[in-house]
Every structure is written in C-alpha cells, then in structure tokens.
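Structural overview for review
One-letter residues, chain by chain:
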Amino acid sequence: MKVSKLLIIAIAATASLFTACTAEEEEYTANRELVFQVGMNEMHGTRATPDNTWSVGDYIAVKVGGVVKKYIITDASGKAVGADAANTFYWEEMGATSVQASAWSFGGKYVSSIDNGISIETDQSSYDNFKGNDFIYAKETTIEKGKTGTLIFYHQMVRLNFNLKIEDEREFISGLIIGGPDENSTPLKNAKFQYPEDASNYGSFVFDDAAMETANVTPYKEETELKGYDVSYSVILIPISVEGATYTIKTSDGKKETNYQIDSWSLTSNEPNNGLYYEPGFEFTINITIRNKQLIIGNGKTAVTVNDWIE
C-alpha cells in the first residue's frame, strides 16, 4: 500500500465546527454522532480530487449498513459533517457501539448509490465535468463509538495525460478526442463496480457485452501546459480498455484540419495482446510531438509514463 494513493478521512471527536469546545463536550459529541475530519497526506501534500484539493461544499457519501447519508466539507481545515440533521449518523439511532462504514465521492460530487454502475461524462472539457469523474472509494472498516476511526480512500478510475507539441510551421493543435471509429476503440461509458475483496483497496469493473455502451470522450484542456509543449489534456476513464483504444489528435492551419490517430497498441511493446491497459489509481502520461506530418511518441525510449495518480 503506497501512502501517496490515499486520502484519510478521520472520524473525529469534535463538538462544534465554529466554536472551541471542552473535553467533556468532545466526549459527548463522539458518543452522539459521527463527525468527520478530512486529513491531508502531509508527506505529499495531496488529497483526492483531480487537482489534489478539496473545496468547501464538496460532498462525501457515507454508508453504514444499508443506509447512505450525505456529508459535506464545511471549512478549510477539512471538517465534514452531515449535510443536515437527516444526513447525520447518530449512535443512539444506530443502537450499536461499533459500525461498519464505507464511503465514496465523485470529485466532491454527491452520488447516493453506486450499486447500479458508474458512468463517465463524455464531455470533460469543463473542469467540473472532468472533476466529477474522479470516483474515489473507501472500503468498509469498523468504527467504534467514542473513538477516532479512519476511512482510507483510493482512486478507482484511471487518468490519462497527453502533452502535445507541433513543430510544423503555421499549424497548431486544435483538439484531442479519446476514441476511434467503432465501439472497440472507444472508452466505456458505463460499467458496474465490483467492491474490493480481501486485502485489496481497489474494486474492479465489469460490463455486459450485449448492453455495452461506448462513446468518444472530449478531454479537459489544462490551464497550463507542460513546459516544452503547446497544450496539455487530461481525461478520467473507467479502467477497462476495450480492445485497442484510439486517440485522435486534431491540428489546423486555419483553413483545413488534419487528424492523427494513435492506436494504444503502438504505445507499448510489439508483443501480441500487450495493449495499454487502464488500471485503477494510476496516471498514464503520453508525450507526443508532430514533426513533418509524423508523430514522435515519447522520448524515443519510453512512450508512456505510468505513476500513482497523486504521487
């Protein structure tokens, strides 16, 4: 387990979000309700949304037993409480001294159930749509009444980063499409989430061949491109690669547009059945230069860089 892949949500004994409290008040609250403290991974200074920050107003879905309630980040210190009285877990109502709790969030967006599957936005060109695909999940853990508990969140999706540069005169990068001409070269639009098993912190995704739905995806254009490149794009996808994924780079000279297609098979070795496999919790970075109408992928030695999402 790598520390850089987690987000810690500590269930804290705290009496109030806005006023100082005594030890007696803290003990009373810890024995009355579940109040969360969003902790940062201090070693790397990271959190769990795509740009590694939480915002006031972000939501977390917390599940205890078969009940899901909406919790909200309420201040810059990372405190999270039930969005209202109806969305707060009370020990008295639960009638137990310990409970099993799990939780999830979609880039701070509240989704009340994940049992019917996970879907992605096909237009991720806006930051909100991009961020909303960041599905993180904390597997079920035991929380004891009056004690601090911890929920550890892991990214369940995959993130692709593209850094593009064109050296041909009078041409510029006009866009990028994740997907190709048929369903086998396009990303999955939705799939069913299988909860983590045993010691794993990552679930898996499955889909029904008969009902499989794919779609081209428009990525998010980063505000600041990687140094040395003209433009950088990012996209969050369901971590299943359907056969050979295709990526289409669009260039323009102001009059006509040219499309360059890359097959994911070309980004790995030439061994059979060794395509670019999307894995949960990882970032794949692909650097591409267009020169004399030819694609130069990577640095000549490494086509794809693979890292932990928030390492």
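Above this text is the structure in question.
Residues numbered from 1 in each chain as written. Predicted model: local features only at pLDDT ≥ 70, side-chain atom pairs only at ≥ 80, totals over all residues. Heavy atoms only, no water.

**Details of the nonpolar core**
Ranked by size, the top nonpolar core spans 46 residues in total, and within it Phe135 and Tyr247 carry the most contacts. Among residues more than four places away in sequence, those in contact with Tyr247 are Leu160, Phe162, Ile177, Ile178, Gly179, Tyr260, Gln261, Ile262, Ser264, Leu267, Leu276 and Tyr278. (Core = buried A, V, L, I, M, F, W, Y, C linked by side-chain atoms within 4.5 Å. Buried < 20%, exposed > 50% of the residue type's maximum accessible area, 1.4 Å probe, protein only. Contact = heavy atoms within 4.5 Å.)

**Structural notes on the packing of aromatic side chains**
Scanning the entire structure with this criterion turns up 14 aromatic pairs. Ring centres of Phe130 and Tyr220 lie 5.2 Å apart, and the angle between their planes is 10°; this geometry places the pair in the stacked category. Taken together, the residues Phe130 in helix H3 (residues 127-131) and Tyr220 in strand S14 (residues 220-221) connect sequence positions 90 residues apart. With respect to class, Phe130 is no different from Tyr220; both count as buried. Their ring planes at 75° and their centres at 5.5 Å tell us that Phe193 and Tyr195 sit as a pair that is edge-to-face. A residue is classified by how much of its surface remains accessible, and Phe193, at 3% relative accessible area, is buried. When its relative accessible area of 33% is taken as the criterion, Tyr195 is described as partly exposed. (Phe/Tyr/Trp six-rings, centres within 6.5 Å; stacked < 30°, edge-to-face > 60°. Helix = DSSP H or I, 4+ residues; strand = E, 2+ residues; numbered from the N terminus.)

**Some details on the sheet that holds strand S17 (residues 257-263)**
Taken together, three strands build an open sheet; the order of strands is S11-S16-S17 and the sheet is antiparallel. Looking at strand neighbours, the two that pair on one side only are strand S11 (172-178) and S17, the edges of this open sheet. Direction aside, the axes of adjacent strands within the sheet are offset by 20° on average. As judged from the seven bridges shared by strand S16 (residues 246-252) and S17, these two strands associate in the antiparallel manner. Bridging from a neighbouring strand, Tyr247 pairs with Ile262 of S17. (Pairing = 2+ DSSP bridges. Axes fitted to C-alpha atoms, helices over the stretch in contact; angles between N-to-C directions.)

**Some thoughts on the environment of Asn133**
Along the chain, the position of Asn133 falls in the loop between H3 and strand S8 (135-144). Classification of Asn133 by relative accessible area gives buried; the value is 2%. As for Asn133 and Lys109, which are separated by 24 residues in sequence, their C-alpha atoms are 9.0 Å apart. Ignoring anything within four residues of it in the chain, the contact list for Asn133 reads Ser119, Ile120, Glu121, Gln124, Met157 and Ile236. At 2.8 Å, the side chain of Asn133 forms a polar contact with the backbone nitrogen of Glu121. (Polar contact = N/O pair within 3.5 Å; in protein donor to acceptor, adjacent residues only side chain to side chain.)

**Focus on the pattern of salt bridges**
If you walk through the whole model with that rule in mind, you get nine salt bridges. Notably, a salt bridge pairs Arg291 with Glu167, separated by 2.5 Å at the nearest N-O pair. Here Arg291, found in strand S18 (residues 282-291), pairs with Glu167, found in the loop between strand S10 (158-166) and S11; they are 124 residues apart in sequence, far enough to count as distant. Taking the relative accessible area as the measure of exposure, Arg291 reaches 37% and is therefore partly exposed. Note that Glu169 and Arg170 form a salt bridge whose closest N and O atoms lie 3.5 Å from each other. Residue classification places Arg170 among the exposed positions, given a relative accessible area of 68%. (Salt bridge = Lys/Arg side-chain N within 4 Å of Asp/Glu carboxyl O.)

**Some thoughts on the sheet that holds strand S7 (residues 118-119)**
If you trace the three strands from one edge of the open sheet to the other, you get S7-S12-S13, paired in antiparallel fashion. Pairing within the sheet leaves two strands with one partner each, and these edge strands are S7 and strand S13 (204-206). Pairing of strand S12 (residues 190-194) with S13 involves three bridges; the strand directions are antiparallel. Counted as the bridge partner of Phe193 is Phe205 from S13.

**Considerations on the side chain of Asn163**
Its location among the elements puts Asn163 in strand S10. In this structure the side chain of Asn163 is engaged in a polar contact, spanning 2.7 Å, whose partner is the side chain of Asn287.

**A word on the side chain of Lys69**
Position of Lys69 relative to the elements: it lies in strand S4 (residues 67-73). For the buried Lys69, no salt bridge is present, and the opposite-charge side chain at shortest range is Glu93, 4.3 Å distant. Of the polar contacts made by the side chain of Lys69, one reaches the backbone oxygen of Thr88; its length is 3.0 Å. Excluding its chain neighbours within four sequence positions, the residues that come into contact with Lys69 are Ile60, Ala61, Val62, Ala86, Asn87, Thr88, Phe89, Glu93 and Tyr110. (Lys, Arg positive; Asp, Glu negative; His and termini not counted.)

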